[in-house]
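Residues per chain, in single letters:
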Amino acid sequence: MPTHQHGTQVEAAARFDVCNGDADGLCAVRQWRLHDPSAARLITGLKRDIALLQQVPCVAASEVLVCDLSVQRNRPALDRLLDAGARVRWFDHHWSAEVPVHDRLDAHLDFSHEVCTSLLVDRYLGGRFRAWALVGAYGDELTAVADRLGVASGLGPLQRALLRRLGLAINYNAYGEDVADVCITPAALYERLARHTSPWTLLRDEPVIHDIEACRRRDFRLAMGIQPHWQSAQARVVVLPSAAWSRRVSGFLANALAAVHPEQAQAVLTERPDGHYRVSVRAPRASPLGAHRLCQAFGGSGRAAAAGIDALPPDALGPFVNALSQARWDATG
Ligand SMILES: [Mn+2]
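Values in this document were obtained by computation on a predicted structure and should not be read as measured data.

K.L.:
Go over helix 10 (residues 244–260) with me, naming the residues and quoting the values.
P.N.:
Taking 1.5 Å as the rise per residue, helix 10 with 17 residues should run 24 Å; its terminal C-alpha atoms sit 25 Å apart, in good agreement. The largest bend in helix 10 comes to about 45°, at S250. Burial in helix 10 covers these residues: S246, R247, R248, V249, S250, L253, A254, L257 and A258. Packing partners of the buried residues in helix 10 comprise helix 9 (208–224), strand 9 (235–240), strand 10 (265–271) and strand 11 (277–282).

As C-alpha cells, this is what we get:
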C-alpha cells in the first residue's frame, strides 16, 4: 500500500518480477501472477541478458520473484537484496555450483534435463495453469516432456501443436543483440500475455504472435539465401552479415540446418559491429559430442551438442574453419 513520507510517495511493499525474456521465463511469471495477482514491476530482457537481478533497486525492493535466471550469474545482486531485507523467491533450472541458504530466500531449483522453469512453477502450483507451463516447456525445446504432460492433461495433438507454436514464437522473439533487434520487447510482450488467463485466447486475439512468426519466416528466407562460406560432408560454415535479422535468426538457423543434415556439424557466424564474429556451433545430431571443445579452443563455451563463441577475431576465422574441418564429433571428453 502506498504511504506518504516527507511529501514523497514511497511504495510500502514494492514487488519485482525478474525473468528471462524467453517463453520459459515469461510463462513462469505468468503462472505465478495468475496464482498471486499482486501488482509487481517486471524486469526482463533478451535471452542473452542473464544478469538482470542487479537492475532491482535494493532500497525499494521488499519482495522479489526471480524466474529462469541462473543463481550463479546473479549471486552478488542476490546477496545485496537479502542483506537489504528483501524476500526472494527463485525458480530456475540453470546449473549453479552453489546455492545460498537464507531464511528470506525460497529457492526452487532443479538442474535435471527434464525440467524448465515453467515446469517448476507448474509443479509448485499443482498444475493449475498447465497450458502456460507447456508453452514455456515447448519454448525451451522440451518437446517430449511437454507432449507427455500435455497428453496426461487431456490435450489433443492440435492443442499441443498450438501451444508449441506459441512457445517457439515467444522464444524466437528473445533473440538479438539488444531490444532494437526484436519484433517487440519481451516486457511489452509480457503485457500482451498478461491480458489473457489462458494461452488459447492469446493465440486467437493477439496478432503479435503472427507478427513474430512472419518475422521469423522472413529472417529464415534471408539466411537461406546466403551461400555457405565453407562446407564438406562433415561440416558447414555460414557467415551472416551484421544485421538485425542475422542476430535474430542465427541460433534458429543453426538448429534448422542441424535437423536437416544430421551427419554435418553446423557453424553459424554472425558479423558483429566491431568486425568480430559471434559463433553458434551445433555438433552433428548423429554424433552430438565435441561442440564445447571446439569452442573452448577459441575462447568460447557451451555444451557438448551446442556451444558458442562470443567474439571470434576476424584473423581467427581461417584457423576456426580449419579446426572445424578436422574436428572429431564422436570422441568424448
Ligand atoms: Mn529456461
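K.L.:
So, the packing of helix 9 against helix 10: which residues are in play, and what are the values?
P.N.:
The N-to-C vectors of helix 9 and helix 10 enclose an angle of 80°; their axes lie 9 Å apart at closest approach. Judged by the inter-axis angle, helix 9 sits roughly perpendicular to helix 10. In this structure, helix 9 contributes R216, D219, F220, L222 and A223 to the contact, and helix 10 contributes W245, R248, V249, F252 and L253. Tallied by class, residues from the contact of helix 9 with helix 10 come to 7 nonpolar, no polar and 3 charged.

K.L.:
Summarise the domain arrangement of the chain; cite the residues concerned and give the values.
P.N.:
Accessible area lost upon the coming together of the parts serves often as the stated size of an interface. Looking at the chain, the domain boundaries give domain 1 (8–214) and domain 2 (226–326). Centre-to-centre, using C-alpha coordinates, domain 1 lies 28 Å away from domain 2. At the interface, 6 residues of domain 1 touch 5 residues of domain 2. The class makeup of the residues in the side of domain 1 that touches domain 2 is 3 nonpolar, 1 polar and 2 charged.

K.L.:
Can you break down the environment of D140 residue by residue, with the values?
P.N.:
Counting through the fold element by element, D140 comes out in the loop between helix 4 (130–139) and helix 5 (143–152). With 24 C-beta atoms counted inside 10 Å, the residue D140 sits in the buried group. When the C-alpha atoms of D140 and S153 are compared, they prove to be 19 Å apart, with 13 residues separating the residues in sequence. Look past the residues within four positions of D140 in its chain and what remains in contact with it is D24 and C116.

K.L.:
Any chance you could break down unusual backbone geometry for me, citing the residues and the numbers?
P.N.:
Trans peptide bonds make up the majority, and among non-glycine residues the majority have a negative phi. Positioned with a positive phi, D68 is a non-glycine residue whose angle comes to about 65°. With respect to the element layout, D68 can be found in the loop between strand 5 (61–67) and helix 2 (75–83). Taking the number of C-beta atoms within 10 Å as the measure of exposure, D68 has 32 and is therefore buried. Phi at E141 is positive, roughly 65°, even though this residue is not glycine. The topology assignment puts E141 in the loop between helix 4 and helix 5.

K.L.:
Could you give me a rundown of the nonpolar core, with the residues and numbers involved?
P.N.:
Within the largest apolar cluster, 58 residues are counted, with the highest numbers of intra-cluster contacts made by V18, L26, V64, V66 and V135. Setting aside anything within four residues of it in sequence, one finds V64 in contact with F16, V18, V56, L81, A86 and V88. With 28 residues, the next largest nonpolar core counts V238, A265, Y277 and A283 among its residues.

K.L.:
Help me get a handle on the sheet that holds strand 7 (residues 105–109), residues and values and all.
P.N.:
Pairing within the open sheet is parallel, and its 5 strands lie in the order 4-3-5-6-7. Both outer strands of the open sheet, strand 4 (41–44) and strand 7, are each paired with one neighbouring strand and no more. Within this sheet the neighbouring strands show an average axis-to-axis angle of 10°, counted without direction.

K.L.:
Lay out the environment of E206 in plain terms, naming residues and giving numbers.
P.N.:
With respect to the secondary-structure elements, E206 resides in the loop between helix 8 (199–205) and helix 9. A C-alpha to C-alpha distance of 9.7 Å links E206 and H196, two positions 10 residues apart in sequence.

K.L.:
Give a description of the environment of R303 that names residues and reports values.
P.N.:
Following the sequence through the fold, R303 ends up in the loop between strand 12 (301–302) and strand 13 (306–312). The contact partners of R303, leaving out residues within four places of it in the chain, are A291 and H292.

Criteria and cut-off values
- Residues numbered from 1 in each chain as written.
- Predicted model: local features only at pLDDT ≥ 70, side-chain atom pairs only at ≥ 80, totals over all residues.
- Helix = DSSP H or I, 4+ residues; strand = E, 2+ residues; numbered from the N terminus.
- Expected span 1.5 Å × (residues − 1).
- Bend = angle between axes of the 7 residues up to and from the residue.
- Buried ≥ 20, exposed ≤ 12 C-beta atoms within 10 Å, placed from the backbone.
- Contact = placed C-beta atoms within 7 Å.
- Axes fitted to C-alpha atoms, helices over the stretch in contact; angles between N-to-C directions.
- Parallel < 35°, antiparallel > 145°, perpendicular 65-115°, else oblique.
- Nonpolar A, V, L, I, M, F, W, Y, C, P; charged D, E, K, R; others polar.
- Domains from an automatic or database assignment.
- Core = buried A, V, L, I, M, F, W, Y, C linked by C-beta atoms within 7 Å.
- Pairing = 2+ DSSP bridges.

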